[in-house]
Each structure stands twice: as structure tokens, then as C-alpha cells.
Amino acid sequence: SSGINAEYGHSALLGPATNSVGSDFNYSAFVTPSATIPPTPGGDRHQIEAAALDPRGQLLYNVAADAHAELKETVLWPDGWTTELDKDGVKIFSRAQRKASNRIFLSESHFLCSLEDLFDVLYNQMDHVTEWNQGILEVEMLERFTQNLDLVYTIGVGGGAGLIKSRDFLTLRYWLKERDMYYIVSRDINDPIKPVSKYPRGFNGPCGYVFFPALDGSVKLTYVVNVDLKLPLVPQKVITSNLVDVVHEFHMSLRNKMDDYVELKRRTSLYSS
């Protein structure tokens, strides 16, 4: 089948691929002339903020930057993906990992909104995520380090017919924009700011969202889930089935949320004009 970015004509840069994902990625948007992360919106401001962090904050900033690099690698990895679901305009793939026991999931869908609208809902409005995302029971903003780095606490729903219990997560979030592509990167950290309570602690490797303008005028969202539930006695097929259902529901709920968001903006604009 066509390569990861064949729609833009860059598939040759990755070589031959089977079970590839993401037919409309612009590979050139991922390639930078050096290892330096390009400036985000407000570029120098973010770099100045990061330089002013205390040692803990600077360490977390570096952890987030490394997670961003790993998320890029996941999105561009061309081989080994198994199609788990292709339904309702949502495609979900999974593959084994080289350095971890859990499978990693990559999903894709399109949205009729602007890049900025999607960023606003997925990052800025994190406090309201439980209003539309049924996979999250509770969310709390714990600490904001810079305008593009923060620490959040979430509790996720269980599943698997009761075999998978609810878990909590301590998640570092980091965002940046490279050319016309947004990244919202997440990964778990160990930090005494939120001790383990009644919920078992979940573990997220580098994961998150990548979104950019597609050729058809929509916004293409790639969502990477890299969660280790630490359930050695639960069959992998049960975990996979549960995560596929959760990811599909996420895309459908986000689509409804974005439709409502865009309509509310339209009505507000009409009233104010």
C-alpha cells in the first residue's frame, strides 16, 4: 500500500513499507536542519521561560523534549503496524515496541475546524475534558512551568468487563508548533507532588497528538496511545480490545465536541457583529 506520506510525494524518503499508516503526512515538516527544536509560537518567549526554570523544571523540560522526539519517531515508523479498526472515519493501528512490553496504538481521523480550535480544546481546555471525553473521570491541573509545559493529574475509566480497573496518571504535557504542524506531547513522571492513592498508578510512555492541515481542507489528527496498564494476568487481546474501544470513542466524542465548538463560535460571531 502507499507509504506514510505518499500523498505529499515523500514516500521514497522512508523506503518501501508495508502496513504503513498516515497517507497524507508531509515528511518534510518533520525534518529540521539541526537537532535544535524550532521556535514555537512566541518562540523566544518559551525558550526564555525554560531557561528561567529551577533545576527540577529544567529537568522536566528536557524530559518533555525527549518525549517529543520519541513521539515523532512513533508517528513516522513505517513498518509493523496491524490494523485494529477502520470505522466511522477512524483508523486505529497497533504494533509491538522494541523497548517496552505493551503495544502502542496510533489512530487517525479528520476534523472540520481550524488547527487553533483543535489546539484550544485539546490543550487549553484540559479542565473541561470530562465534559466530552468519557474515558476520563477526573482531571486536575497541578503545576504550570511555562506556557507550553505543565503537569496534570487524571483518573481514567476502567474496562475489559471489570478486568481493567480505573487508574490514575501523573502526566507531563508539552506542546509546540513546527511549521503548520502542532504537537501536544505527554508522558508519565514520578513526582511526590501527587502520591499514589486509592487508584493504581498508570504509566504512559511518550504519546499525544499530532495535527496538521490535510489536503482536503480538514485537519488531520493522529493520536498515539502508549499506556502500560501493568496487568500481566490479563490477556493482551482483552487489553487491546478495550483500548481500541476507548480510542474509537475518543475520536467520536472529540468530533462531536469540535462540531459544537465551531457552531458556538459561529453563533457568537453572528451575535457580536
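The rules behind the values
Residues numbered from 1 in each chain as written. Predicted model: local features only at pLDDT ≥ 70, side-chain atom pairs only at ≥ 80, totals over all residues. Heavy atoms only, no water. Pairing = 2+ DSSP bridges. Helix = DSSP H or I, 4+ residues; strand = E, 2+ residues; numbered from the N terminus. Axes fitted to C-alpha atoms, helices over the stretch in contact; angles between N-to-C directions. Salt bridge = Lys/Arg side-chain N within 4 Å of Asp/Glu carboxyl O. Buried < 20%, exposed > 50% of the residue type's maximum accessible area, 1.4 Å probe, protein only. Core = buried A, V, L, I, M, F, W, Y, C linked by side-chain atoms within 4.5 Å. Contact = heavy atoms within 4.5 Å.

1. Description of the sheet that holds strand β4 (residues 136-146)
Either a parallel or an antiparallel arrangement is found when strands of a sheet pair, and the pairing is made through backbone hydrogen bonds. In space, the nine strands of this open sheet follow the order β1-β2-β3-β10-β9-β7-β6-β5-β4, with antiparallel pairing throughout. The open sheet has two edge strands, β1 (82-87) and β4, and neither has a second partner. Pairwise comparison of adjacent strand axes, ignoring direction, gives a mean angle of 20 degrees for this sheet. Relative to strand β7 (residues 181-188), strand β6 (residues 167-178) runs antiparallel, the two being bridged by eight bridges. Bridging from a neighbouring strand, L172 pairs with R187 of β7.

2. Focus on the pattern of salt bridges
Counting across every chain of the model gives 11 salt bridges. With a closest N to O distance of 2.9 Å, D150 and R173 form a salt bridge. In this pair, D150 is assigned in strand β5 (residues 149-156) and R173 in strand β6, connecting sequence segments 23 residues apart. Look at D150 and you get buried, because its relative accessible area is 0%.

3. Points about the pairing of β4
Note: β4 against β5, eight bridges, orientation antiparallel. Paired with T146 across the strands is L149, a residue of β5. With antiparallel pairing between neighbouring strands as the criterion, β4 and β5 make up a hairpin whose turn holds two residues.

4. Here's the deal with the nonpolar core
Formed by 40 residues in total, the largest nonpolar core has its most connected members in L118, L122, F211, L221 and L254. For F211, the residues in contact, after removing those within four places along its chain, are L115, L118, F119, L122, D180, M181, Y182, I184, V219, K220 and L221. Grouped together as the second largest cluster of nonpolar side chains are 27 residues, L53, Y61, V185 and I189 included.

5. Things to note about the environment of D127
Tracing the backbone shows D127 in the loop between α3 (115-124) and β4. In the structure, D127 is positioned 25 residues away from V152 in sequence and 9.7 Å away in space, judged by C-alpha atoms. Leave out the neighbours within four places in its chain, and D127 touches V139 and M141.

6. Notes on the side chain of H248
Considering the arrangement of structural elements, one finds H248 in helix α4 (residues 236-272). The exposure class assigned to H248 is buried, which follows from its relative accessible area of 13%. Those residues in contact with H248 that lie beyond four places of it in its chain are L85, K87, D88, V90 and I92.

7. A word on α3
Side chains three or four residues apart in an α-helix point the same way, a direct result of the helix having 3.6 residues per turn. Counting buried positions along α3 gives eight out of 10 residues, so the element sits mostly inside the fold. Residues of α3 that are buried include every one of L115, D117, L118, F119, D120, V121, L122 and Y123, and no others.

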